[in-house]
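# Chain and residue survey
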Amino acid sequence: MGDTVEVNSDDVSVEPEAHTGAGETVGSDVSPSPKPNDAPRTLHGRAPLVTSYDAIDKTNVADALNEVLPAFGVNVADIEYLWGYYKGRQPILLREKPVRPEINNRIVENHAQEIVAFKLGYQLAEPLQYTCRKADGEGYDEHSKDVNELNTLMYAEDKEAGDRDLFEWMLVAGTACRMVLARAGEDEDGCAPFELFALDPRKSGVARKTGYRDDVAFGFIVGTRPRTCETFYTVYTDKFMYEVENGRVVASCAHTYGSCPIVEYKLNNARMGVFEPVLPLLDAIDKAESDRINGIEQTVQCLMKFINVDISKEDFKEIMEVGGIKLESREGRPGDVDILRNDLDQTQTQITKDDMYQAVLNICGMPNRSTGSASADTGAAVLLRDGWTLAESHAKSYELQMKRSERDALRVVLSICRQSASCDIDLRIRDIELKFNRRNYENILTKAQTFTTLMQSKMLDPEVVFQVSGLFTDPEAAWTATQKWLDEKASEAPALPGQNTTDDNGNIGPQAGQPELGGDGAASAEEA
């Protein structure tokens, strides 16, 4: 890439931490997960990283980094808690029970994992695909070939798995980072000239400038020296890469990516995880289920009540072994032995738990497991009643946020491809459309009927019908392929008897210059 390197220390490498493969989550297990003794917390999203420096260079990069590190440290602590919660390390695990502490069940119903797993599978059931965005038909075929080549390169880099890792972090932490770098060395395996990395948000961040433009100032990765355990930061701007350690720049080099190669992906503007708004409800569900098990166990191991019965500890142990007791009642003081029981109302507890779980589903945009049905329910009514419409609306919101960041990453990818000798892709951002292939084959009969009805009406351009029917993942490619197929069929079809022909004078008809029998022309001739 023709980078220029300036190194100020012989023992410091200018490369970031070692990456072993494309689409890999870097440093995913470097930081320890939060321990279960963390008290229940109510979180409200991640703080944005903002710097007051308009231009980042070698003289102020360390100061700009120190400016955002306090907010980054708060975010890391929140992400640690959320990541541990997602893995099942929840506050209920260290719950203390002062009354009868020997009966203290700690049950974790990990609905956080359920929510993330559903969103992950629903959003990325099929890989994100790049399609050609047609603009007045100019250069569509050439752009289509380049887009197909771009999809092939993304497949070679296993971008589908990288998207899965990235989106998992987005769902849990509300934010994630992707890094795009030029591949070092010669391309021997037919791989892409670039590499993709899904970064751990506890070890990476993107700082932005103040103002309404919200421009990226720099991105950074936190690293640790293997021998000295010293922390250092690899900082990328739109033109340079710096390594900062102990408040000073120890190495720097220029790059030609044209923009910051570290891109932030936000789940929403608040950078709030998908189950973060319902943390109190999830804690309450864990507590309710634990209390239910405690209630059952306390019923089985209930206390015995002795009235006017003098019994020693040894006698009680004998009673427990034998299983019976002999009582002697005195006049005016009858003896009695009973069991203290106060059973928990399981029905009311279940109603309360179901209500909390339904609230979790509604807030998080999850379909419910309702078994209720009505004979007049249509397909759309079932989707609306069971929460699938709400889940789809949340997924479309995630799409918009992800597309915005994906375009920023594509700018770096296309810049690397233009400068690579082994790649001849010539695309601009406006030539590429991002498509999520989610639920493309659901209600396919309805889509096919809509397509057929609109085509038969002949009131719309067929290309428009291809787009609005929702039957095709890439309507432009489907329309182009259909046109080619129709042209091939028309050229291969033999002339049928009675089919219109043209004579040397340009007259059309079965007999050139004569009207067709039985047609409008014959009727006109008879009238004449």
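In the block above lies the structure referred to throughout.
So, here is what we can say about the structure in this document. (Residues numbered from 1 in each chain as written. Predicted model: local features only at pLDDT ≥ 70, side-chain atom pairs only at ≥ 80, totals over all residues. Heavy atoms only, no water.)

## A closer look at unusual backbone geometry
In this model, Cys229 sits at a positive phi of 60 degrees, which is unusual for a non-glycine residue. Of note in this structure, Asn246 is not a glycine but carries a positive phi near 55 degrees. Looking at the element boundaries, Asn246 is found in the loop between β10 (240-245) and β11 (248-254). For Asn246, a relative accessible area of 63% puts it in the exposed group. (Helix = DSSP H or I, 4+ residues; strand = E, 2+ residues; numbered from the N terminus. Buried < 20%, exposed > 50% of the residue type's maximum accessible area, 1.4 Å probe, protein only.)

## Description of a negative patch on the surface
On the surface, a cluster of negative charge is made up of Asp310, Glu314, Asp315 and Glu318. Within the fold, Glu318 resides in helix α6 (residues 313-322). Judged by relative accessible area, which is 47%, Glu318 ranks as partly exposed. (Patch = residues over 30% accessible without salt bridge, like charges linked within 9 Å, V, L, I, M, F, W, Y side chains within 5 Å. Areas by Shrake-Rupley, 256 points an atom, 1.4 Å probe, with all protein chains shown as cover. Salt bridge = Lys/Arg side-chain N within 4 Å of Asp/Glu carboxyl O. Lys, Arg positive; Asp, Glu negative; His and termini not counted. Charge placed at Lys NZ, Arg CZ, Asp CG, Glu CD.)

## Focus: the pattern of salt bridges
Taken as a whole and assessed by the stated rule, the structure comprises 26 salt bridges. Taking the shortest distance from any N to any O, the salt bridge between Arg164 and Glu168 comes out at 2.7 Å. A residue pair is termed a helical-turn pair when its members lie 3 or 4 positions apart in one helix, as Arg164 and Glu168 do in helix α4 (residues 159-173) at four residues. The partly exposed category is assigned to Arg164, whose relative accessible area is 36%. One salt bridge in this structure joins Asp431 and Arg428, with 3.6 Å as the shortest N-O distance.

## Focus: the side chain of Asn294
Tracing the sequence through the fold places Asn294 in helix α5 (residues 279-300). When its relative accessible area of 2% is taken as the criterion, Asn294 is described as buried. Here Asn105 takes part through its side chain, which lies 2.7 Å from a polar atom of the side chain of Asn294. Asn294 has contacts with Arg95, Lys97, Ile103, Asn104 and Asn105, leaving out every residue within four places of it along the chain. (Polar contact = N/O pair within 3.5 Å; in protein donor to acceptor, adjacent residues only side chain to side chain. Contact = heavy atoms within 4.5 Å.)

## Some remarks on a nonpolar patch on the surface
A surface patch of nonpolar side chains, about 380 Å² in accessible area, is lined by Met459, Leu460, Val464 and Val468. Structurally, the position occupied by Val464 is in helix α11 (residues 462-468). Among the residues examined, Val464 registers a relative accessible area of 32% and is labelled partly exposed.

## Here we look at α4
For α4, spanning 15 residues, the distance from its first C-alpha to its last is 21 Å, which sits close to the expected 21 Å at 1.5 Å a residue. Of all 15 residues that make up α4, twelve are buried, and the element is covered over most of its length. Looking only at α4, the buried set comprises Lys159, Gly162, Asp163, Asp165, Leu166, Phe167, Glu168, Trp169, Met170, Leu171, Val172 and Ala173. Looking one or two residues past α4, Gly174 carries a phi angle of roughly 85 degrees, positive in sign. (Expected span 1.5 Å × (residues − 1).)

## Notes on the packing of helix α1 (residues 61-86) against α4
At a minimum axis separation of 9 Å, α1 and α4 run at an interaxial angle of 105 degrees. Taken as axis vectors, α1 and α4 run roughly perpendicular relative to one another. Residues Ile79, Leu82, Trp83 and Tyr86 of α1 lie in contact with α4, whose contacting residues are Glu168, Trp169, Val172 and Ala173. Across the contact of α1 with α4, the residue classes break down as seven nonpolar, no polar and one charged. (Axes fitted to C-alpha atoms, helices over the stretch in contact; angles between N-to-C directions. Parallel < 35°, antiparallel > 145°, perpendicular 65-115°, else oblique. Nonpolar A, V, L, I, M, F, W, Y, C, P; charged D, E, K, R; others polar.)

## Considering helix α7 (residues 346-364)
With 19 residues, α7 should reach 27 Å at 1.5 Å per residue; the first-to-last C-alpha distance of 27 Å fits that figure. Buried within α7 we find Thr349, Lys353, Met356, Tyr357, Val360, Leu361 and Cys364. Looking straight down α7, one finds that the buried residues subtend no more than 145 degrees of arc, so they occupy a single side. Across from the buried face of α7, at angles greater than 90 degrees, the exposed residues are Thr347 and Asp355. A positive backbone phi angle near 70 degrees is found at Gly365, which sits one or two residues after α7. (Arc of directions from axis to C-beta.)

## Details of the packing of aromatic side chains
To describe a pair of aromatic rings, one takes the distance between the centres and the angle between the planes. Taken as a whole and judged by the stated rule, the model has twelve aromatic pairs. Aromatic side chains Phe72 and Phe220 sit 5.1 Å apart centroid to centroid with 80 degrees between the ring planes, which places their arrangement in the edge-to-face category. Linking Phe72 in helix α1 with Phe220 in strand β8 (residues 216-224), this pair joins segments that are 148 residues apart in sequence. Its relative accessible area of 8% is what places Phe72 among the buried residues. Its relative accessible area of 0% is what places Phe220 among the buried residues. On the basis of an interplanar angle of 45 degrees and a centroid distance of 6.2 Å, the ring pair of Phe218 and Phe220 is categorised as tilted. (Phe/Tyr/Trp six-rings, centres within 6.5 Å; stacked < 30°, edge-to-face > 60°.)

## Description of the pairing of strand β7 (residues 204-209)
Most of β7 is tucked away, with five of its six residues classed as buried. Relative to β8, β7 runs antiparallel, the two sharing five bridges. Each residue of the ladder has a partner; that of Ser204, found in β8, is Ile221. In this antiparallel pair of consecutive strands, β7 and β8, the connection spans six residues, and Gly211 shows a positive phi of 110 degrees. (Pairing = 2+ DSSP bridges.)

## Focus on the environment of Pro91
Summarising the element assignment, Pro91 is placed in the loop between α1 and α2 (111-123). Between the alpha carbons of Pro91 and Arg106 there is a distance of 9.5 Å; along the sequence they are 15 residues apart.

## Quick notes on the environment of Leu454
Secondary-structure assignment places Leu454 in helix α10 (residues 444-457). By relative accessible area, Leu454 is classed as partly exposed at 22%. With twelve residues separating them along the chain, Leu454 and Phe466 place their C-alpha atoms 9.5 Å apart. Excluding its chain neighbours within four sequence positions, the residues that come into contact with Leu454 are Leu460, Val465 and Val468.

## Here we look at the packing of α2 against α4
Interaxial distance between α2 and α4 falls to 10 Å at its minimum, and their mutual angle equals 140 degrees. Considered as vectors, α2 and α4 are oriented oblique to each other. Of the two possible hands of crossing, α2 and α4 adopt the one that is right-handed. For the pair formed by α2 and α4, the contact residues are Val116, Lys119, Leu120 and Gln123 on the first element and Arg164, Phe167, Glu168, Leu171 and Val172 on the second. When its residues are assigned to classes, the contact of α2 with α4 shows five nonpolar, one polar and three charged. (Left-handed = near helix turned anticlockwise from the far one by under 90°.)

Geometry only, nothing functional implied.
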